Structures are given as C-alpha cells and as structure tokens.
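Examining the three-dimensional arrangement
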Amino acid sequence: MNLPTSFKAIIVREQEDGTFTRSIEQKSFDELPQGEVTIKVLFAGLNYKDGLSASGHKGITREYPHTPGIDASGIVVKSADNRFSVGDEVIVTSYDLGMNHDGAFAEYIRVPADWVVKNPASLSFEKSQQFGTAGFTAALALYKMEMCGQTPDLGKIVVTGATGGVGSLAVAILSHAGYEVIASTGKNETAYLTKLGAKQIEDRAFTNDDSKRPLIRPRWAGAIDTVGGNTLATLLKGCGRNGNVATCGLVASPDLSTTVYPFILNGVNLLGVESADCPMKIRAELWRKLGNEWNAKLPEDSATFISLEELDPYLDAILAGKTKGRVIVRF
Ligand SMILES: NC(=O)c1ccc[n+]([C@@H]2O[C@H](COP(=O)([O-])OP(=O)(O)OC[C@H]3O[C@@H](n4cnc5c(N)ncnc54)[C@H](OP(=O)(O)O)[C@@H]3O)[C@@H](O)[C@H]2O)c1
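Remember, it's a predicted structure, so these values are computed and weren't measured experimentally.

The rules behind these values
Residues numbered from 1 in each chain as written. Predicted model: local features only at pLDDT ≥ 70, side-chain atom pairs only at ≥ 80, totals over all residues. Heavy atoms only, no water. Core = buried A, V, L, I, M, F, W, Y, C linked by side-chain atoms within 4.5 Å. Buried < 20%, exposed > 50% of the residue type's maximum accessible area, 1.4 Å probe, protein only. Helix = DSSP H or I, 4+ residues; strand = E, 2+ residues; numbered from the N terminus. Contact = heavy atoms within 4.5 Å. Polar contact = N/O pair within 3.5 Å; in protein donor to acceptor, adjacent residues only side chain to side chain. Domains from an automatic or database assignment. Buried area = accessible area lost by both parts, 1.4 Å probe. Salt bridge = Lys/Arg side-chain N within 4 Å of Asp/Glu carboxyl O. Pairing = 2+ DSSP bridges.

Some words on the nonpolar core
The nonpolar side chains of soluble globular proteins are, as a tendency, buried together. In this structure, Phe131, Val171, Ile173, Leu174, Trp287 and Trp294 are the most contacted members of the largest nonpolar core, which totals 40 residues. Every element with two or more residues in this core is listed here: helix H2 (125-147), strand E8 (157-160), helix H3 (165-176), strand E9 (181-185), helix H4 (190-196) and helix H7 (280-291). Top element by residues in this core is H2. It accounts for 10 residues. Excluding residues that lie within four positions of it along the chain, Ile173 makes contacts with Phe131, Gly135, Ala138, Ala139, Leu142, Leu290, Trp294 and Ala296. Listed in part, the 30 residues of the second largest apolar core include Val37, Leu46, Ile306 and Ile318.

A word on the environment of Glu31
You can see Glu31 is positioned in the loop between strand E2 (20-28) and strand E3 (37-45). Sequence separation between Glu31 and Asn244 is 213 residues, and the spatial gap between their C-alpha atoms is 45 Å. Of note is the side chain of Glu31, whose polar atom sits 2.8 Å from the backbone nitrogen of Ser28.

Here's the deal with the side chain of Thr207
On the secondary structure map, Thr207 appears in the loop between strand E10 (200-203) and strand E11 (220-225). Residue contacts for Thr207: discarding those within four places in its chain leaves Val158, Thr160, Ser184, Trp220, Asn230, Thr231, Thr234 and Leu235.

With respect to the domain arrangement of the chain
Many descriptions give the size of an interface as the accessible area lost when the pieces come together. Under the domain assignment, the chain is made up of domain 1 (6-119 + 299-330) and domain 2 (134-272). Taking only C-alpha atoms into account, the centre of domain 1 sits 29 Å from that of domain 2. With 11 residues of domain 1 in contact, the opposing surface of domain 2 contributes 12 residues. When domain 1 packs against domain 2, the two sides together hide about 870 Å² of surface, and 59% of this comes from carbon and sulfur. Taken together, the connections running from domain 1 to domain 2 amount to two salt bridges. Residues Lys195 and Asp301 are paired through a salt bridge, measuring 3.1 Å at the closest nitrogen-oxygen approach. Connecting domain 1 to domain 2 are three residue pairs in polar contact (both at pLDDT 80 or more).

Considering the pattern of salt bridges
In this structure the tally under the stated criterion is 17 salt bridges. A salt bridge links Asp71 to Arg326; the shortest N-O distance between them is 3.0 Å. Here the residue Asp71 occupies a position in strand E4 (residues 71-79), and Arg326 occupies one in strand E15 (residues 326-330), the gap between them amounting to 255 residues. Looking at Asp71, the relative accessible area reads 0%, which means it is buried.

Section: the pairing of E4
Within a regular strand, side chains alternate between the sheet's two faces. Relative to E4, E3 runs antiparallel, the two sharing six bridges. Paired with Thr38 across the strands is Lys78, a residue of E4. Examined bridge by bridge, E4 and strand E5 (residues 89-93) share five bridges and lie antiparallel to one another. Pairing of Ile75 across the sheet is with Glu89, part of E5.

Next up, the structure:
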C-alpha cells in the first residue's frame, strides 16, 4: 500500500516556561514509535485521559512533544506480525497508546501487535469508537459485576457521572443487558438519559450522602462509579446485600473514606476496574460482547463527530465535565 510521505497529527509541546501548547503539524512515519502494525486511523474517541495528556499532566504523559489519543479504530496499512494483514479492520484502545506512546489524534499510528483487536464484524468503525475506552470500561465493570453474581433480578444499578463518556455508555449497556438503571447526574439531561435507557434520573446529591452514618437504607443493588470520593463511599453504604460496586474513575476525588460495614454486614463487593492493561483474552471477549449481546443502540446525540481541527476546545471541555456522551474525531 502506498503511504503518503507525511500526515497530520496534534502535537503537544512543553515550553521553556513550563506551559504547554498544542498544534496540528505534519509528521513523518519515521517519527512514529516502534511497533509491528501501522494503522490508518478512521475514528478516534476522546477520553478524560486525553484531556490530561493534552494539558501536560506528567502522571499520564512523562515526555513531550507528544500526540495524545488513547482510542482508535481504523485499517491496517502495514504489518510485520502474521496475526494482522493489510486491510484488516481493527481497534486499538488502552495500553500505552496516547499516554507514553504517540496516539490516535493523528492520521496514522504505529503500535505493538499485542495491542490490536480485530473489529467484530457486527460493529461499524463509528460504533466501535462510540464505545471506545469509555464503553469498554463500562463493559469491563459489568463483566466483573456479573462474575460476582450481579443479575438484573437483584435490583437497580446506579451509574454516577451518567452523562459522561463512561457513564452514558454504562447506562446504555446495562439497560440493554436487562438492568433497571438509575442515572445520577449533575446536569439537566432527562431526555438524553431516558433515551440511553435510564428508568430513574437523580441529582448527584442522591449518591452523595453526608449523614456520616456507616450504612444507609439500600437504594440500589449495584453501582458503576466514575466519580470517587464521598460518592463512592455513599454507593457502598447504600448498596443492597451482596451487590457489587465497580469503581472506574475519580472525577470528583481519588479519596475513599469508608467503614468495613458495607462489606462485613451486607456482603457488598468493591470491584476495581482497570481497562488499560486488561488481559487480551478478556479484552477480546468484551469486544465480542459489545458487538453482540451488549451492542446497545445509542441515541444520535450520544456522540459528537468532529474534525481534528475542531478538537482543541474539547480537550479542555472534557476536563471541566462539560462534554456530553462521546466526542469522536472522524478522519
Ligand atoms: N478505570 C479505567 O479503566 C477508566 C477508563 C476510562 C475512564 N476512566 C475514568 O473515569 C472517569 C470518567 O471518564 P469519562 O471519560 O467518562 O469522563 P467524562 O466524559 O468527563 O465524564 C465525567 C462525568 O462525571 C460527572 N462529573 C464531572 N465532574 C464531577 C464532580 N466534580 N462531581 C461529580 N460528578 C462529576 C459529569 O457527569 P454528570 O454531569 O452527568 O454528573 C461528567 O460528565 C475519569 O476519572 C476517567 O479517568 C477510568
């Protein structure tokens, strides 16, 4: 396949005064990191981590100049690994893509073959990026919850940060899988959350108990949390017997102050969700599920498709909690 001599990419640079700038520049293939598979990116979903990487957060990206973008779907244009051939439709999310390895806000990426998943035939490129890391994370949360015995007949599942990327997709996937979903949100987005499948919509205060009591009356049978802090503590103390609380994020706080009572009196499980290094066997199974039994129909306004040139303000908006659903760069 004939490749161009250069291609467009967002490059974040660290300035001498410690500030960071972002611009779209031409990049050559020689500048791409090592890897067996070169992919023409067709869609790249935006995530919270991309906002951090694009703002110079050294906990996410140690060295600049850097191209962020942790999610890509596209077509293999070169492969030195016999698992992949030119023309294969693939997904790359997580591992070090977009963090310490140049990422998907570029027309091309080059990655290790071990990071690449074949796009399930039942998923379009657009749909795989509408899910992206956010949907994959929600799917991993549900997978772990079900491994610990969560079923729809145990009762409602609450999702926090429900209008965000992970939250929206958690609402959609859970409700598609037969769960009754409570959406906890700080926004007035009833119509949107209802279209995603939420049966009950509550203000954030519903999942932010300040009573200091170690347990509260059970209000949900399980939870997927993107918020952390007192919200996560509330989810534990308000969870019904033998329910599962999956912790994915920390948009409010990385802290957790709780007692052991939810665990030893109610048998609640606190499940950690880490999508970046999820083993390939589970990763492939989750993408299979997302292409099949968890392939939730998503409302049109759950994704905003933009060009690479339009991305810059969204990198800040996602950090301010001001994006709705998924923002996806279409190349
Ligand atoms: N563990 C993993 O593998 C993994 C993978 C992906 C993401 N994450 C993490 O999950 C979190 C969410 O990521 P995302 O991509 O979904 O981000 P996002 O699209 O920005 O969504 C976050 C949502 O949280 C709510 N929110 C924002 N600030 C808040 C605050 N101060 N207090 C309470 N709620 C607040 C908002 O929803 P409402 O207005 O509806 O409340 C916001 O839309 C992040 O912490 C991210 O790092 C983890």
